[in-house]
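Below are the chains, spelled out letter by letter.
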Amino acid sequence: PVLSDDGSVREWVGACIDLTERRRQEEELHKLNRTLRALSRSSEALVRAEEELAFLEEVCRIVVQDCGYAMVWIGYACDDEDRTVRPVAHAGFSEGYLETLNLTWADRERGRGPTGTSIRTGKPILCTDMLTDPRFEPWRDEAIKRGYASSLALPLLDGGRAFGAVTIYSTQPDPFSEEEIELLSEMADDLTYGIASLRLRLQSLQTLQALQESEARFRQLADSMPQLVWTAEPDGRVDYFNSRLSSFTTCGPWRPTVYDEDRTR
């Protein structure tokens, strides 16, 4: 206040500061922190994961809950004649949207959207505004019905080739900053690592099961033979013998009988 001689307020002097940019930076920082939290929780989900599809569903839920996006889905690229994209997991508001996609990763109309292009090129593909992006025309009506406005498709890469993509939908136009795209791309890389790890773990379990079944068949065959069957370590310690041998000898730890002149050989 500017005061008169009698102490009354003659006028006011004020200053205004435009906070638009600072608010935008604060909001962007908040979004990046949410994405970092989602990245961390996705890594934790891999540690707990025992099955591939359940892991994918969990990651989709984390992105929706922590990042606040409307819907997230993961699709695998099929090497069939039509090069279809098969949805395998999703979270968020979809209301049957995935069933309407009829996607392909081939270079034709339904393969030139974000997901198909991302798989075909192995690069992140951004659709900043579904209302104006001509590539999104085949899915525009169904997307608008569900309130979607933009999307980001991130490839799942294995050896430089995309075997699928994770696609994120937002209700806001152009919500993805460069920094957030980098973080989400890192999460897609972690997702690829998790899928590979779970598949390797499953393959190892299947191999172990096959070995156990093979050993069981061998033991069944060996126990049905009238001959004496045994295996031993180099020091002569027997580590396996069949049931025929167990009935043949009954006293103490058994060693194969070898003539003295043959023992060295």
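In this text the structure is predicted, and so the values were computed from the model without any measurement.

About the cut-offs
- Residues numbered from 1 in each chain as written.
- Predicted model: local features only at pLDDT ≥ 70, side-chain atom pairs only at ≥ 80, totals over all residues.
- Heavy atoms only, no water.
- Pairing = 2+ DSSP bridges.
- Helix = DSSP H or I, 4+ residues; strand = E, 2+ residues; numbered from the N terminus.
- Axes fitted to C-alpha atoms, helices over the stretch in contact; angles between N-to-C directions.
- Contact = heavy atoms within 4.5 Å.
- 1 Å grid on protein atoms, 1.4 Å probe; cavity = no way out; pocket = protein on both sides within 12 Å on 5 of 7 lines; lining within 4 Å.
- Points joined across faces, edges and corners; volume = space filled by probe spheres on them.
- Core = buried A, V, L, I, M, F, W, Y, C linked by side-chain atoms within 4.5 Å.
- Buried < 20%, exposed > 50% of the residue type's maximum accessible area, 1.4 Å probe, protein only.
- Expected span 1.5 Å × (residues − 1).
- Polar contact = N/O pair within 3.5 Å; in protein donor to acceptor, adjacent residues only side chain to side chain.

In spatial order, the strands read E4-E3-E7-E6-E5; together these five strands make up an open sheet with antiparallel pairing. Edge positions in the open sheet fall to strand E4 (85-92) and strand E5 (125-127), since each of these has one partner strand only. Neighbour to neighbour, the strand axes of the sheet diverge by 15° on average, direction disregarded. With six bridges joining them, strand E3 (residues 71-77) and strand E7 (residues 161-170) adopt antiparallel strand pairing. Bridged to Tyr 76 within E7 is Gly 164. Packed onto the sheet, helix H2 (residues 52-67) meets E3, E4 and E7 and runs at close to 50° relative to E4. Contacting E3, E5, strand E6 (150-158) and E7, helix H5 (residues 178-223) runs over the sheet at an angle of about 40° to E6.

Looking now at empty space enclosed by the protein. Applying the stated criterion across every chain yields a total of three cavities of 30 Å³ or more. Approximately 80 Å³ is the volume found for the largest cavity. Along the wall of the largest cavity there are 13 residues; nearest its centre are Leu 103, Pro 114, Thr 115, Phe 136 and Tyr 169. Counting only elements with at least two residues in the lining of the largest cavity, the list comes to helix H3 (114-121) and E7.

Once that is clear, we can look at the pairing of strand E9 (residues 238-241). Pairing of strand E8 (residues 230-232) with E9, which is carried by three bridges, proceeds in the antiparallel orientation. Residue pairing across strands places Ala 232 opposite Val 238, the latter belonging to E9. The hairpin formed by E8 and E9 contains five residues between the paired strands, and Gly 236 there has a positive phi angle of roughly 90°.

Further remarks concern the nonpolar core. Among the nonpolar cores identified, the biggest contains 34 residues, and Phe 55, Leu 56, Ile 74 and Leu 156 are the most heavily contacted of them. Residue assignment for this core shows that the elements contributing at least two residues are helix H1 (20-48), H2, E3, E4, E6, E7 and H5. A total of eight residues in this core trace back to one element, the largest contributor, which is H2. Each residue touching Phe 55, except ones within four places of it in the same chain, is listed here: Ser 42, Ala 45, Leu 46, Ala 49, Leu 191, Gly 194, Ile 195 and Leu 198. One finds Leu 101, Cys 127, Met 130 and Trp 139 within the second-largest nonpolar core, a separate group that totals 20 residues.

It is worth spelling out the environment of Pro 134 at this point. Mapping Pro 134 onto the fold places it in the loop between E5 and helix H4 (140-145). C-alpha separation for the pair Pro 134 and Gly 113, spaced 21 residues apart in sequence, amounts to 9.0 Å.

Compared with the 22 Å implied by 1.5 Å per residue over 16 residues, the 22 Å span of H2 between its first and last C-alpha is a close match. Every buried residue of H2 is listed here: Glu 52, Phe 55, Leu 56, Glu 58, Val 59, Cys 60, Ile 62, Val 63, Val 64, Asp 66 and Cys 67. Residues of H2 that are buried in the fold lie against H1, E3, E4, E7 and H5. Measuring from the side-chain oxygen of the N-cap residue of H2 to the backbone nitrogen of Leu 53 gives 3.3 Å; that N-cap residue is Glu 51. At the exit of H2 stands Gly 68, carrying a positive phi of roughly 75°.

Honestly, it's all geometry; don't read function into it.
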